[in-house]
Amino acid sequence: MACTPARASRSRSLRRGCRASPPARASRRPSRARRLPDAPSAAGGPQGPAPAHVADRLAAAVAARGSQIVLGLDPDPLRLWHGPAGGDAAAVAGAVEAHCRAVVDAVADAVVAVKPQVACFERLGAPGWAALAATVAHARDAGLFVLADAKRGDIDVSAAAYAQGFVGATPVQGGSLPGLGADAMTVAPYMGLDTLRSFAAVARPDAALFVLVRTSNPGAADLQDEPLARGGTVWEHVAGLVARLGAEHVGPESGLSDIAAVVGATQPRHLARARELAPQAIFLLPGVGAQGGRVEDLAPAFAPGRAAGLVTASRSIVRAHEQVGGSPAQAALAEAQRLREAAWALA
Ligand SMILES: O=C(O)c1cc(=O)[nH]c(=O)n1[C@@H]1O[C@H](COP(=O)(O)O)[C@@H](O)[C@H]1O
């Protein structure tokens, strides 16, 4: 089929299909930048075409949906909304998928993204991966940005393979095989900047990386807070690397980069310094609720704008009914809405 300008302008996917693609292009996942803005916004109406840069796309979605909340999906087979799951891996994975679909359906109106914790699916083997893929597709159909929480890190070739699996595609004879199709993935920085570059080479231009900078767990202090001989701490150095890599690809509309930082909400005293070191990075803020963090303490994260801070919560939303009673769906939506309002009031 001939590639006309009109056809090529319809979508980024079509544009890709119409141009001569070098092999490196084949390693990138098929673009689905159009999905988020066409989804119903929190205010109700359909939105216009999506910006091209992933951070601009996310910022547009935050504005359209009126939410900076990320729904964490960490399904535990013994604590599913429809009851504990048992049987073989296929049966348990089926129950996990049904649970995740129900959770997404319940809270989609109050959140901008989902963050499936991939270990919770991978532990179920091949059926678990299928459940993850179905959950991702369901979240995308609900208009949500998808952040695969994989926390990968490895040397260049292996980093590329991980990235192809989550946010890219794998070049094969005669074409490429799509990966999971996530908009972003979490990565660990401790193998160095060259490995982050290898992830970024696959993720760019469509997907984002969320780099662990200062995590929410108590043991984060063991390594990340260690002082460096030349001054500063390990995590501050990582924040600098995030800023350096991110400065290469900043969204023209949002001013935010495609290299984001994970900064735990449990130690909010670090936020102002992190923001100083990485002024254009989107911050993912885990640790609210079950780990003791409070949205009210997170204001420095949002200094560059509303989309610069994403508050992620898993247990406090999905298990809200265990605290307040009532139906799991209603309790989850109420908690997600409470978080949304608290975060929105800060920016
Ligand atoms: O990258 C993450 O999402 C993450 C980073 C971090 O510093 N701390 C942290 O708890 N998480 C994730 O957040 C989820 C737990 O969230 P809660 O249930 O809300 O505490 C798990 O999937 C963790 O892997």
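Provided above is the structure to which this section pertains.
Residues numbered from 1 in each chain as written. Predicted model: local features only at pLDDT ≥ 70, side-chain atom pairs only at ≥ 80, totals over all residues. Heavy atoms only, no water.

Engineer: I keep staring at the overall build of the chain and nothing clicks. Help me out?
Structural biologist: Scanning the chain for helices and strands turns up 16 helices and 10 strands. Intrachain contacts of the chain at a sequence separation of at least 6 include 68% that bridge at least 24 residues. Surface summary for the chain: the accessible area is close to 14,100 Å², and the carbon and sulfur share equals 56%. (Helix = DSSP H or I, 4+ residues; strand = E, 2+ residues; numbered from the N terminus. Contact = heavy atoms within 4.5 Å. Areas by Shrake-Rupley, 256 points an atom, 1.4 Å probe, with all protein chains shown as cover.)

Engineer: It is not clear to me how a nonpolar patch on the surface should be interpreted in this structure. Could you clarify?
Structural biologist: Taken together, I155, V157 and M191 make up a surface patch of nonpolar side chains, about 280 Å² in accessible area. Note that M191 resides in the loop between β6 (184–187) and α10 (193–203). (Patch = residues over 30% accessible without salt bridge, like charges linked within 9 Å, V, L, I, M, F, W, Y side chains within 5 Å. Salt bridge = Lys/Arg side-chain N within 4 Å of Asp/Glu carboxyl O.)

Engineer: For this particular structure, what's the right way to read the sheet that holds strand β9 (residues 283–285)?
Structural biologist: Strand-to-strand pairing in sheets goes through backbone hydrogen bonds, with the strands running parallel or antiparallel. Reading around the circumference, β1-β2-β3-β6-β7-β8-β9-β10 is the order of the eight strands in this closed barrel, with parallel pairing throughout. When the angles between neighbouring strand axes are averaged without regard to direction, this sheet yields 30°. In the sheet, strand β2 (residues 113–116) pairs with strand β3 (residues 145–152) via two bridges, with the strands oriented parallel. Opposite A113, over in β3, you have F145 as the bridge partner. Packing against the sheet, helix α5 (residues 54–65) makes contact with β3, β7 (208–214) and β10 (309–313), and its axis sits at approximately 130° to β3. Its contacts with the sheet place helix α12 (residues 234–246) against β7 and β8 (259–263), and it is angled at close to 160° to β7. (Pairing = 2+ DSSP bridges. Axes fitted to C-alpha atoms, helices over the stretch in contact; angles between N-to-C directions.)

Engineer: How should the nonpolar core be read in this particular structure?
Structural biologist: Counting 79 residues, the largest nonpolar core has L71, M185, F283, L285, V311 and I317 as its most contacted members. Once residues lying within four places of it in the same chain are set aside, the contact partners of V311 are Q68, I69, V70, L285, V288, V295, L298, F302 and A343. (Core = buried A, V, L, I, M, F, W, Y, C linked by side-chain atoms within 4.5 Å. Buried < 20%, exposed > 50% of the residue type's maximum accessible area, 1.4 Å probe, protein only.)

Engineer: Sorry if this is basic, but what is going on with α5 here?
Structural biologist: A turn of α-helix holds 3.6 residues, and therefore any two residues three or four places apart point the same way. The terminal C-alpha atoms of α5 lie 16 Å apart, and with 12 residues this matches the ideal 16 Å at 1.5 Å per residue to within 8%. Residues of α5 that are buried include every one of V54, A55, D56, R57, L58, A59, A61, V62, A64 and R65, and no others. Phi turns positive one or two residues past the end of α5, at G66, with a value near 65°. (Expected span 1.5 Å × (residues − 1).)

Engineer: Is there a simple way to think about the environment of R214 in this case?
Structural biologist: Positionally, R214 belongs in strand β7. Residue R214 is classed as buried on the basis of its relative accessible area, which comes to 4%. A sequence separation of 24 residues divides R214 from V238, and the C-alpha atoms of the two residues are 8.6 Å apart. Discounting residues that sit within four places of it in the chain, R214 has contacts with A220, A221, Q224, D225, W235, V262, V263, G264, Q267 and H270. Within the structure, the side chain of R214 is placed 2.7 Å from the side chain of D225, a separation counted as a polar contact. (Polar contact = N/O pair within 3.5 Å; in protein donor to acceptor, adjacent residues only side chain to side chain.)

Engineer: Looking at this structure, I do not really get the pattern of salt bridges. What am I missing?
Structural biologist: Where charged atoms of side chains with opposite charge meet at close range, the side chains can pair. On inspection of all chains with the given rule, the structure shows 15 salt bridges. One salt bridge connects D183 with R57, and the closest N-O pair in it is separated by 2.6 Å. Taken together, the residues D183 in the loop between β5 (175–178) and β6 and R57 in helix α5 connect sequence positions 126 residues apart. Each of the two residues, D183 as well as R57, counts as buried. A salt bridge links R204 to E248; the shortest N-O distance between them is 2.9 Å. Of this pair, R204 sits in the loop between α10 and β7 while E248 sits in the loop between α12 and β8, and the two are 44 residues apart along the sequence. The network of salt bridges with common partners includes R197, R204, E248 and D258.

Engineer: Honestly, unusual backbone geometry in this entry has me stumped. Any pointers?
Structural biologist: Leaving glycine aside, a negative phi is the common case for residues, and trans is the common case for peptide bonds. The omega torsion across R204 and P205 is 5°, close enough to zero to call that bond cis. Its place among the elements puts P205 in the loop between α10 and β7. Its identity is not glycine, yet K151 carries a phi of approximately 50°, on the positive side. With respect to the element layout, K151 can be found in strand β3.

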